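Close look at the chain arrangement
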Amino acid sequence: YSTELASSGRAGCKSVECKKAGTKIDKGELRFGVLVTIQDHQSWTWRHWGCTTPVQIAHLKDESGGDTDMVDGYDELPAELQEKVRTALEVGHVADEDWRGVSPLEPFTTSISCFSQIRMSR
């Protein structure tokens, strides 16, 4: 895993919502990376920091042991962004004001709405 400031603004965010919309990560924006390997080739996939899920933060915490010194790129971030990463490791999710994802309840409420419409139409 890696945290860094986007260097160019060309990378697309891999969250479902951003990927569907074709949203890029702006140059200079904090991003979260996962190193993937496909047939002996390694490359990074990136997300906006605000699209990083609690599960991914948990994996980062497990991988780093909760030690920010073990988070790739952390030491190169400005102090205010280091604080965001440190806090996320402590509480298990990105700060609410940074969250860009869909509400965890949205798929549930959509399902209830669809189910209600199906039942009502019978």
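Rules used throughout
- Residues numbered from 1 in each chain as written.
- Predicted model: local features only at pLDDT ≥ 70, side-chain atom pairs only at ≥ 80, totals over all residues.
- Heavy atoms only, no water.
- Helix = DSSP H or I, 4+ residues; strand = E, 2+ residues; numbered from the N terminus.
- Buried < 20%, exposed > 50% of the residue type's maximum accessible area, 1.4 Å probe, protein only.
- Contact = heavy atoms within 4.5 Å.
- Areas by Shrake-Rupley, 256 points an atom, 1.4 Å probe, with all protein chains shown as cover.
- Pairing = 2+ DSSP bridges.
- Axes fitted to C-alpha atoms, helices over the stretch in contact; angles between N-to-C directions.
- Polar contact = N/O pair within 3.5 Å; in protein donor to acceptor, adjacent residues only side chain to side chain.
- Core = buried A, V, L, I, M, F, W, Y, C linked by side-chain atoms within 4.5 Å.

Time to look at the overall build of the chain. In terms of regular secondary structure, the chain is built from 4 helices and 3 strands. In the chain, the order of α-helices and β-strands from amino to carboxyl end is β-α-β-β-α-α-α. By the burial criterion, 29% of the 122 residues in the chain qualify as buried. Long-range contacts, defined here as pairs at least 24 residues apart, represent 56% of the contacts in the chain between residues at least 6 apart. Surface summary for the chain: the accessible area is close to 8,100 Å², and the carbon and sulfur share equals 52%.

Neighbouring strands of a sheet are bound in pairs by backbone hydrogen bonds; such pairs are parallel or else antiparallel. Spatially, the 3 strands line up as an open sheet ordered 1-2-3, and their pairing is antiparallel. Each of the sheet's edge strands pairs with one partner strand only, and the pair in question is strand 1 (2-5) and strand 3 (41-48). Here the strands of the sheet are splayed against their neighbours by 40° on average, with no regard to which way each runs. Inspection of the sheet shows strand 2 (residues 30-38) paired to strand 3 by 8 bridges, in the antiparallel sense. When the bridges of strand 3 are listed, G33 appears paired with W46.

It is worth spelling out the side chain of S2 at this point. Relative to the helices and strands, S2 resides in strand 1. S2 sits in the buried class, given a relative accessible area of 4%. Looking at S2, its side chain comes within polar contact range of the side chain of D72, at 3.0 Å. When near neighbours in sequence (up to four residues on either side) are disregarded, S2 contacts R31, F32, G33, W44, W46 and D72.

Okay, the nonpolar core next. Side chains of a nonpolar character, in soluble globular proteins, are inclined to be buried together. Within the largest apolar cluster, 13 residues are counted, with the highest numbers of intra-cluster contacts made by L30, W49 and V85. For this core, the secondary structure elements donating two or more residues are strand 2, helix 2 (54-64) and helix 3 (79-91). It is helix 3 that provides the largest number of residues to this core, a total of 4 residues. Residues contacting V85, with those up to four places away along its chain left out, are T3, L30, W49, Y74 and L77.

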